Structures are given as structure tokens and as C-alpha cells.
Amino acid sequence: NSGGSLTESVGHSIPMRSLSGSNYVSGDNIILIPGYLYISTRGSDFGQTLILNWTPNSIISPDDSVPSPKGAIPVDKPSCSSVSIDLGQMESIHIFYQAGSDVTIGEVVISTRERLFKVFYFKNGGLNDLIKKFRSWKYFNYQHQSQLQQYLFTVFRPRLSLAELHPEEGLVTGVLTDLMWSQLQDPTGRVLDKRLVLQTVFFRGLHSSLRKELWPYLLGLIDFEITVRQKKEKSKQNQDVYKQINYKREQLQSQPDASLLQQITNDVNRTDRSHPFYKGDGNKNLDR
């Protein structure tokens, strides 16, 4: 397939659910929402990726003319929409199949790098077609553990040739160091070569000792053209703004507002759950 999209149907009435946590645990007492699943490819050559698409039956057939899979708990108004997953960006894909089903019935567990899960239940067949598609994709490694009745698929990418590399790849040879950073500034503190700084950080990174000083530049908080004196003035202004905000916070904290506390609770729960401080269900840090 050259740059276009190739779509292959896998099956209908395939339930899906989302999970988060450190491990996937199967279970029966869950609400299943049936849907239609199909696979498509996007891009070509090294940039090709595999897209798994799932659409609830309620969207395709609002009158629920498509029967729900046996054992699924009916849902009058499912609170989910279509799902599209770039499998090339996933951590792994586990496929568990039932013995004696000719690998047509089972579960597909897709795990992201943040340990979030999408689970698809094949109760009406079609699982073997999905496995064939996965096995045929050139960027999947897979292991078949027949005794455990499961497949494990992981993504790999070949090394790029020189022709496939970015034109500027190799122009810088090492990370941005304290010595290099000092040499890239004039006596007033202005950065002499902004492009070289960005190029070095992009391709090679920067030394940990420079993170505090460099990140304000990279985030656009400080202009590369300002002097050391101007940077100090800007820092002083930011500190004053912070003190004002902190003062307002302390005033509100002495007389807590219920709506504000609820907003804070919502914000904490929306924080990146892959971070060790917030990771895991039942984490006490979520209540702080």
C-alpha cells in the first residue's frame, strides 16, 4: 500500500472497555458495549502504521438491529464513542483465546506505554482474522504461547538508512554542555546562535546541569535575544507575579470555597496517572 489507506473488516458486535492500572485483570461482572471493529493501514514504508478502529453498534444501528453478543450486559445509552488506536504507538498487544475455539473466541488487550488498556471481547468469532492481520504486518514481532493460549505482539522499527535520516542529522555530535552554552553567549548574555542551540537540544539533548537555565528558553518564557540584566528583571517580575498568586491562594485557603475544592479534586484526578507520584488505583496522593 503506497501512502493510502487499506481497510479490512474484522467483525461486528465486538464489545470494548477501557481500563487503567498496572496490570490487566479479566472479569465477567462488567458492562460490555458491542461495536464494529476494522483494521486500516496508514502511510507507507518506514512510516506505515496500523490503525484499529472500533465503532459502537448504537452509532451504526441506532435501532439496535445488530444483536448484542451472547453474555453481554445490555446498555440502553452507551456513554462511549468511536475509538481509533494507532497500534504502532502501543506498548504491547496480548491476545487470549479459548481452547477448542479454533482461535476465534477470546480477548484482545491493547496496552499503552502509560499502562492504560483497551480490551476487546471476541465472542462471535473473528479473532483468528485479526491475528492473521497482525502476523502479516511487517513491524510486529510476536510470540505464540500455545500452552497459555495467548499471543503477544510488540512493535519494532528497523534502523534508518542515511537517505532516510533528517538532513541535519549528524551535524551536531554531542549534548549541549555548560562549556558550549557559555561559548554561545556574548559578554552581555545574548545567545549568539539560537539555531545551533535548538539543533543540539533536538538531536542530542542537553546536560542535566543546564535544565533549569535552558528550559525557560525552550518553553518561550525567555527570549534568546535578551541580556543577563534583562533576564534578571524578567525573573524578578515573574517572582512578583508568583507572590501575588500565592498570597491570593493563602487568603482563599483560610476560607476554603467548596466549588474551588471540588475543582482542585478534579484537577488532581486528571493529573498524569503514569507519573510515579500519582500512579495506581487507590493512591493516597490523589487525595492530597
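Residues numbered from 1 in each chain as written. Predicted model: local features only at pLDDT ≥ 70, side-chain atom pairs only at ≥ 80, totals over all residues. Heavy atoms only, no water.

1. Observations regarding the overall build of the protein
Here is the rule we go by: The way it works is that DSSP assigns letters per residue, a run of H or I at least four long becomes a helix, a run of E at least two long becomes a strand, and they are numbered from the N terminus. Summary of the burial criterion: residues with accessible area below 20% of their type's maximum are buried, those above 50% are exposed, and those between are partly exposed, where the area comes from a 1.4 Å probe applied to protein chains only. Between two residues, a contact is recorded if the distance between any of their heavy atoms is within 4.5 Å. Under the convention used here, a 1.4 Å probe and the Shrake-Rupley method define accessible areas, while residue burial counts only the protein chains that appear.
From N to C terminus, the protein includes seven helices and 10 strands. Residues counted as buried form 33% of the 288 residues belonging to the protein. Across the protein, every contact between residues at least 6 apart in sequence was considered, and the portion connecting residues at least 24 apart equals 57%. Accessible area for the protein stands at about 18,500 Å²; split by element, carbon and sulfur atoms hold 51% of it.

2. Quick notes on the side chain of Gln185
Worth spelling out the cut-off: In protein, a polar contact means a hydrogen-donor-capable atom and an acceptor-capable atom, both N or O and within 3.5 Å, with residues adjacent in sequence counting only if both atoms are side-chain atoms; elsewhere, any N or O pair within 3.5 Å suffices.
For Gln185, the location among the structural elements is in the loop between α3 (178-183) and α4 (194-203). Assessed through its relative accessible area of 18%, Gln185 is described here as buried. Among the polar contacts made by the side chain of Gln185, one reaches the main-chain carbonyl oxygen of Trp181 at a distance of 3.1 Å. Residue contacts for Gln185: discarding those within four places in its chain leaves Arg190, Val191 and Leu192.

3. Observations concerning the pattern of salt bridges
The cut-off we apply is this: Note on definitions: salt bridges are taken to be side-chain nitrogens of Lys or Arg within 4 Å of carboxyl oxygens of Asp or Glu.
Applying the stated rule across the entire model yields four salt bridges. Among the salt bridges present, the one from Glu168 reaches Arg195, with a minimum N-O distance of 2.2 Å. Highlighted residues: Glu168 in the loop between β10 (150-155) and α3 and Arg195 in helix α4, separated in sequence by 27 residues. A salt bridge links Glu213 to Lys231, with the shortest nitrogen-to-oxygen separation between them at 3.7 Å.

4. Side note on the environment of Ser81
Relative to the elements of secondary structure, Ser81 occurs in the loop between α1 (57-60) and β5 (83-86). Expressed as a C-alpha distance, the spacing of Ser81 and Gly35, which sit 46 residues apart in the sequence, is 9.9 Å. Look past the residues within four positions of Ser81 in its chain and what remains in contact with it is Trp54, Pro56 and Ile59.

5. Re the side chain of Thr227
Inspection of the secondary structure puts Thr227 in the loop between α5 (211-218) and α6 (228-254). Take Thr227: its relative accessible area is 10%, and that puts it in the buried class. Setting aside residues no more than four positions away along its own chain, Thr227 makes contact with Thr188, Gly189 and Arg190.

6. Here we look at the nonpolar core
For clarity, the threshold we go by: Definition used in this section: a nonpolar core is a set of buried Ala, Val, Leu, Ile, Met, Phe, Trp, Tyr and Cys residues joined via side-chain atoms within 4.5 Å.
Ranked by internal contacts, the top residues of the largest apolar core, which has 26 residues, are Leu87 and Phe134. Sorting elements by how many residues they give to this core places helix α2 (residues 127-136) first, with four residues. The contacts of Phe134, once residues within four sequence positions are left out, are Ile39, Leu50, Leu52, Leu87, Ile93, Ile95, Phe140 and Phe153. Counting 13 residues, the second-largest nonpolar core is a separate cluster that includes Leu176, Val201, Leu206 and Tyr217.

7. Here we look at α5
For clarity, the threshold we go by: The directions considered for the arc are those from the helix axis to the C-beta atoms.
For α5, the set of buried residues is Leu214, Pro216 and Tyr217. Seen end-on, α5 carries its buried residues on one side only, within an arc spanning 155°. Elements that come into contact with the buried residues of α5 comprise α3, α4 and α6. One or two positions beyond α5, positive phi appears at Gly220, with a value near 80°.

8. A look at unusual backbone geometry
Not every positive phi belongs to a glycine, and Gln149 is a case in point at roughly 55°. In this fold, Gln149 is placed in the loop between β9 (140-145) and β10.

9. Topic: the environment of Arg211
Positionally, Arg211 belongs in helix α5. The contact partners of Arg211, leaving out residues within four places of it in the chain, are Leu206 and Pro216.

10. A word on the environment of Val197
Position of Val197 among the secondary structure elements: in helix α4. For Val197, a relative accessible area of 0% translates into the label buried. Distance in space between the C-alpha atoms of Val197 and Leu184 is 8.1 Å, their sequence separation being 13 residues. Ignoring sequence-local partners within four residues, the contact set of Val197 consists of Leu176, Trp181, Leu184, Val191, Leu214 and Phe224.

11. As for the pairing of strand β8 (residues 116-122)
The condition that has to hold: Should DSSP find at least two bridges between two strands, the strands are taken to pair.
In terms of residue burial, β8 counts as a mostly covered element, since five of its seven residues are buried. As paired elements, strand β7 (residues 106-111) and β8 share six bridges and run antiparallel to each other. Its bridge partner lying in β8, Ser111 is registered against Phe117. The turn joining β7 and β8, which pair antiparallel and follow one another in sequence, is formed by four residues; a positive phi near 65° is taken by Arg115.

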